[in-house]
Structure formats: structure tokens, C-alpha cells
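Single-letter residue listing:
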Amino acid sequence: MRLLHGNPAARRAVGLVLLAVAVSVACVFLGRWQWHRHVARDAAIRLVEQNYSADPVPLDALLPEPGAELDPGDVWRQATVTGTYDADAAVLLRNRPVNSQPGFHVLVPLVQADGSVLVVDRGWVAWDDDASGEVAVPAPPSGQVEVTVHLRRDEAADPRSAPAGQVQAINVGQVLAAGGSDAASYGGYGGLVDETPAPAVALGRLPAPSTDPGSHLSYAFQWWTFSVGSLAAFGWLARRELLEGAEAAAGGDAPDGDGTPRPARPAPASRRRRTSDEETEDALIDSQLG
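Please read all numbers here as calculations on a predicted model, not as lab measurements.

Definitions and limits used
Residues numbered from 1 in each chain as written. Predicted model: local features only at pLDDT ≥ 70, side-chain atom pairs only at ≥ 80, totals over all residues. Heavy atoms only, no water. Axes fitted to C-alpha atoms, helices over the stretch in contact; angles between N-to-C directions. Helix = DSSP H or I, 4+ residues; strand = E, 2+ residues; numbered from the N terminus. Parallel < 35°, antiparallel > 145°, perpendicular 65-115°, else oblique. Nonpolar A, V, L, I, M, F, W, Y, C, P; charged D, E, K, R; others polar. Buried < 20%, exposed > 50% of the residue type's maximum accessible area, 1.4 Å probe, protein only. Arc of directions from axis to C-beta. Salt bridge = Lys/Arg side-chain N within 4 Å of Asp/Glu carboxyl O. Expected span 1.5 Å × (residues − 1). Contact = heavy atoms within 4.5 Å. pLDDT = per-residue confidence, 0-100. Phe/Tyr/Trp six-rings, centres within 6.5 Å; stacked < 30°, edge-to-face > 60°. Polar contact = N/O pair within 3.5 Å; in protein donor to acceptor, adjacent residues only side chain to side chain. Core = buried A, V, L, I, M, F, W, Y, C linked by side-chain atoms within 4.5 Å.

1. Some details on the packing of helix H1 (residues 8–51) against helix H3 (residues 216–249)
Then comes step 1: At a minimum axis distance of 7 Å, the contact between H1 and H3 shows a crossing angle of 175°. As the angle between them shows, H1 and H3 are arranged roughly antiparallel.
Then comes step 2: Taken together, the residues of the contact of H1 with H3 sort by class into 24 nonpolar, eight polar and five charged.

And the structure:
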């Protein structure tokens, strides 16, 4: 502490070192955050690649009874189920554009023989580009239908309100409530792959999940590079502060940045004051009078 007292250069150097440590630690944590996002994204991609094109199995093989939760490892598995669409309980999902096109997903409960339902995302309908016109929703096939779906986990309930017959998330409880159904269901829903018989007018097909890994890994290494770089840059600035402070204290004979002594600067030579024209005339008059 005595070394810092009365030594501005040392105080500035210590401040730079502390700043370097703070920036470096922040960059390390930001890099770890991006790394964990990369790991999570990589796991999601492997799950899609493993399950998306797997052979379909009966629904009860993955969801044995109403109220059952879909296992995270079975997300995107294909399942087959037979039932009847409850068209009167159809609900529209808001704010889910497809390929930048505004539109709605059409969610319809599929009623099975025991009265339980599986919420099916049958596809999507486009909306006007300015999202202002009415939406015409084609009817699902009537009577008994055999459906193949990609199973998805129930989304979290969305606290935002929505117009009648619409929801903000594919939360099974909210979907059934919005459609006026109180039937028993599952902790998951299905994204339509195929239905037999086919409807008179088909909806837009649901897009396949993205397998783009994103830039999380490169961002992680960039943050870690910034961490090392901040230590080097601020360390160099701190060393420079100390050297310049030592030079000032020694009158200019302190070593330079490479360790070699820096010669003291010569004192500026005194400048001779220039004689003015008036002074020259006065001198001439004095010499004549004398």
C-alpha cells in the first residue's frame, strides 16, 4: 500500500491489471455459456437424426395411457393412431410463421375409441402478408382416420391471452380449453406426417426440424481468445505505465520499453528575444544624440 501511495503510475497499473482480470473472467464465462449452448444444440440434432426417420410404432408403445408424459428420448419418434377428428374443437396456433410467411398452425383433437384424445398439429394455413385478413381453414377428413405423427413434448403454458379459438403455445391443456374439450389427453402432441383418408383440401406441411448447428462453438472460442487477449493487452498497458512512471521519477533515465536506458531529454535552450523595430529606432536616435 505504501508503494501505491503517492505513485499515480503504480495505481494506474494496478487498476489496469484488475480490469484485465475482470474482463478475462467475464469472457471465460461467456465462452462457457456458448459452449453449453453448443452441447445442447448438438444433442438436439443427434435426437432428430436418430428419431425423425425411424419406423412408426403404435401410439401406446410410447404413450401407454392418457396422462402419460412423452420421454425426452422419444421426441420426433413416429407413431400411428386411429380415431376421429373433433373438428368443432379445432384451435389455431398464433405467431408461428413458416419460412417467414405469416400463418396459423391448425390443432385438432383426435378422439380415440376410449374417448381420450391426441392433439394433432395437422399443418398450417397462410395469412395475409399484413396479417389483417380472414383465414380460411380447410376441414379435416371426416369419420375414422388413421394418422401418423411425429411426437413432440407438451409446450409450457403461455400466460398471454389470445382471441377465441386461438392459443399462443401448443400446450395440450390450453389447446383443449380453447376448443371447449374436457377429454383426457397426454403430456405431448403429434405433428402430422400422413392421414388416411386424405382431406379434400390439404394444409401446408409442417417443416422438418433444422439440423444447423449454429455458431455457438465458434463464439465460445472467440470469447476465450478475447479472455487471453485482454490479459496480454492490459498487461502491456500496465507495464508501460510503470515504465513511464519510473522514467518520470528518475528524471528521464528510466529504461525504455525494451529494457535499454532511455537518454535524458536535454533541457530546452533559452530563446533569445527578438528585438522589435521600435527598440532599433530608439537605439539609432540615442547614438546620434550621443
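2. Regarding helix H2 (residues 172–179)
Then comes step 1: Those residues of H2 not exposed but buried are Val 172, Val 175, Leu 176 and Gly 179. The buried residues of H2 occupy an angular sector of 95° when projected down its axis, which confines them to one face.
Then comes step 2: Just downstream of H2, Gly 180 is the residue with a positive phi angle, here 75°.

3. Some details on the pattern of salt bridges
Then comes step 1: Under the counting rule described, the total for this entry stands at seven salt bridges.
Then comes step 2: Salt-bridge contacts for Arg 122 lead to Glu 195; the nearest nitrogen and oxygen are separated by 2.8 Å. One end of the pair, Arg 122, is in strand S5 (residues 117–126); the other, Glu 195, is in strand S8 (residues 188–196), with 73 residues separating them in the sequence. By the burial criterion, Arg 122 is buried, and Glu 195 matches it.
Then comes step 3: Among the salt bridges present, the one from Arg 160 reaches Asp 158, with a minimum N-O distance of 2.8 Å.
Then comes step 4: Residue class for Arg 160 comes out partly exposed when judged on its relative accessible area of 48%.

4. Describing H3
Owing to its 3.6 residues per turn, the α-helix aligns residues three or four sequence positions apart on the same side.
Then comes step 1: Its 34 residues give H3 an end-to-end C-alpha distance of 49 Å, which sits within 8% of 50 Å, the value for a rise of 1.5 Å per residue.
Then comes step 2: Turning to H3, its buried residues number three or more, namely His 216, Ala 220, Ser 227, Ser 230, Ala 238 and Glu 247.
Then comes step 3: Those residues of H3 hidden inside the fold are in contact with H1.

5. Quick notes on the confidence of the model for the protein
Then comes step 1: Of the residues in the protein, 82% have a pLDDT of 70 or more, and the chain-wide mean is 85.
Then comes step 2: Mean pLDDT values over the elements of the protein span from 60, in helix H4 (residues 277–289), up to 97, in strand S2 (residues 78–85).

6. Some thoughts on the packing of aromatic side chains
Then comes step 1: For the coordinates displayed, the defined rule picks out four aromatic pairs.
Then comes step 2: The interplanar angle of 50° and the centroid separation of 4.7 Å between the aromatic rings of Phe 104 and Trp 127 together place this pair among those described as tilted. Of this pair, Phe 104 sits in strand S4 (residues 103–111) while Trp 127 sits in the loop between S5 and strand S6 (144–153); the two residues are 23 residues apart in sequence, bridging distant segments of the chain.

7. Things to note about the environment of Glu 195
Then comes step 1: Take Glu 195: its relative accessible area is 7%, and that puts it in the buried class.
Then comes step 2: Along the primary structure Glu 195 and Thr 148 are separated by 47 residues, whereas in three dimensions their C-alpha atoms are 6.3 Å apart.
Then comes step 3: Residues within four places of Glu 195 in sequence aside, it is in contact with Tyr 85, Arg 122, Pro 141, Val 145, Glu 146 and Val 147.
Then comes step 4: At 2.7 Å, the side chain of Glu 195 and the side chain of Tyr 85 are in polar contact.
Then comes step 5: Engagement of the side chain of Glu 195 in a polar contact is seen with the side chain of Arg 122, the distance being 2.8 Å.

8. What about the nonpolar core?
Then comes step 1: With 27 residues, the main nonpolar core has Leu 59, Tyr 85, Val 147 and Leu 151 as its most contacted residues.
Then comes step 2: Those elements that provide at least two residues to this core are S2, S4, S5 and S6.
Then comes step 3: Filtering out sequence-adjacent residues up to four positions away, Tyr 85 remains in contact with Val 108, Pro 109, Leu 110, Val 120, Arg 122, Pro 140, Pro 141, Val 145, Val 147, Leu 192 and Glu 195.

9. A short note on the environment of Ala 157
Then comes step 1: Along the polypeptide, Ala 157 turns up in the loop between S6 and strand S7 (166–167).
Then comes step 2: A sequence separation of 14 residues divides Ala 157 from Asn 171, and the C-alpha atoms of the two residues are 5.5 Å apart.
Then comes step 3: Ignoring any residue separated from it by four or fewer positions in sequence, one finds Ala 157 in contact with Asn 171 and Gln 174.

10. Topic: unusual backbone geometry
Then comes step 1: Between Thr 196 and the following residue, Pro 197, the backbone shows a cis peptide bond with an omega angle of 5°.
Then comes step 2: Here Pro 197 lies in the loop between S8 and H3.
Then comes step 3: Its identity is not glycine, yet Asn 99 carries a phi of approximately 50°, on the positive side.
Then comes step 4: Structurally, Asn 99 can be placed in the loop between strand S3 (91–93) and S4.

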